[in-house]
Amino acid sequence: QVHLVESGGGLVQTGESLTLSCVASGSIVSIRRMGWYRQAPGKQRELVASITSARSTDYADFAKGRFTISRDSAKNTVYLQMNTLKPEDTAVYYCQLTNFRFIEYWGQGIQVTVSS
């Protein structure tokens, strides 16, 4: 079993920054990809950003230029640096891991609230 624990969320004002962290632990088979998703009230969960084992990254259009995903492989940790936050970034953010067997794991989510 793999456990993902997110941290770093909270309440910020428009224009401020937050950095989310996600630590993976447990029976981790080689990690293929880690990513961040988010889900706002009444909306579907959507990809924010992802990073592969080769450190190839992918960003949603709304994240490009404002968010940066990074990974510390030695610590099984993925980060999401979020700058210039907007009220529409308010959501629960989820960490996701895909291993080389294509099994997916999810964290419990962490709230990010951006006040106007």
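Reading guide: rules and limits
Residues numbered from 1 in each chain as written. Predicted model: local features only at pLDDT ≥ 70, side-chain atom pairs only at ≥ 80, totals over all residues. Heavy atoms only, no water. Pairing = 2+ DSSP bridges. Helix = DSSP H or I, 4+ residues; strand = E, 2+ residues; numbered from the N terminus. Axes fitted to C-alpha atoms, helices over the stretch in contact; angles between N-to-C directions. Disulfide = S-S within 2.5 Å. Buried < 20%, exposed > 50% of the residue type's maximum accessible area, 1.4 Å probe, protein only. Phe/Tyr/Trp six-rings, centres within 6.5 Å; stacked < 30°, edge-to-face > 60°. Lys NZ or Arg CZ within 6 Å of the ring centre and 35° of its normal.

Chemist: Provide a residue-level description of the sheet that holds strand S8 (residues 77-82), including the pertinent values.
Modeler: The strand order across the open sheet formed by 4 strands is S1-S3-S8-S7, and the pairing between neighbours is antiparallel. Each edge of the open sheet carries a strand with a single partner, namely strand S1 (2-7) and strand S7 (67-72). The sheet shows a mean angle of 15° between the axes of neighbouring strands, direction not considered. Summarising the sheet, strand S3 (residues 18-26) and S8 pair through 6 bridges and their orientation is antiparallel.

Chemist: Report on the state of the cysteines, specifying residues and quantitative values.
Modeler: One pass over the full model with this rule turns up 1 disulfide. Between the sulfur atoms of Cys22 and its disulfide partner Cys95 the distance amounts to 2.0 Å. The disulfide joining Cys22 to Cys95 has a torsion of about -85° about its S-S bond and is therefore left-handed. Of the two residues, Cys22 is situated in strand S3 and Cys95 in strand S9 (residues 91-99); the sequence distance between them amounts to 73 residues. Cys95 carries the same exposure label as Cys22, and that label is buried.

Chemist: Could you give an account of the packing of aromatic side chains, with specific residues and numbers?
Modeler: Each aromatic ring pair is specified by the distance between its two centres and by the angle formed by the two planes. Here the structure, examined in full by the defined rule, presents 2 aromatic pairs. Seen in terms of ring centroids, Phe62 and Phe67 are 6.4 Å apart; in terms of plane orientation they differ by 80°. Their pairing is edge-to-face. Owing to a relative accessible area of 3%, Phe67 belongs among the buried residues under this scheme. One residue, Arg38, lies across the ring of Phe62, its end atom 3.7 Å from the ring centre. Positioned over the ring face of Trp106 is Arg45, at 4.8 Å from the centre of the ring.

Keep in mind these numbers describe shape, not what the thing actually does.
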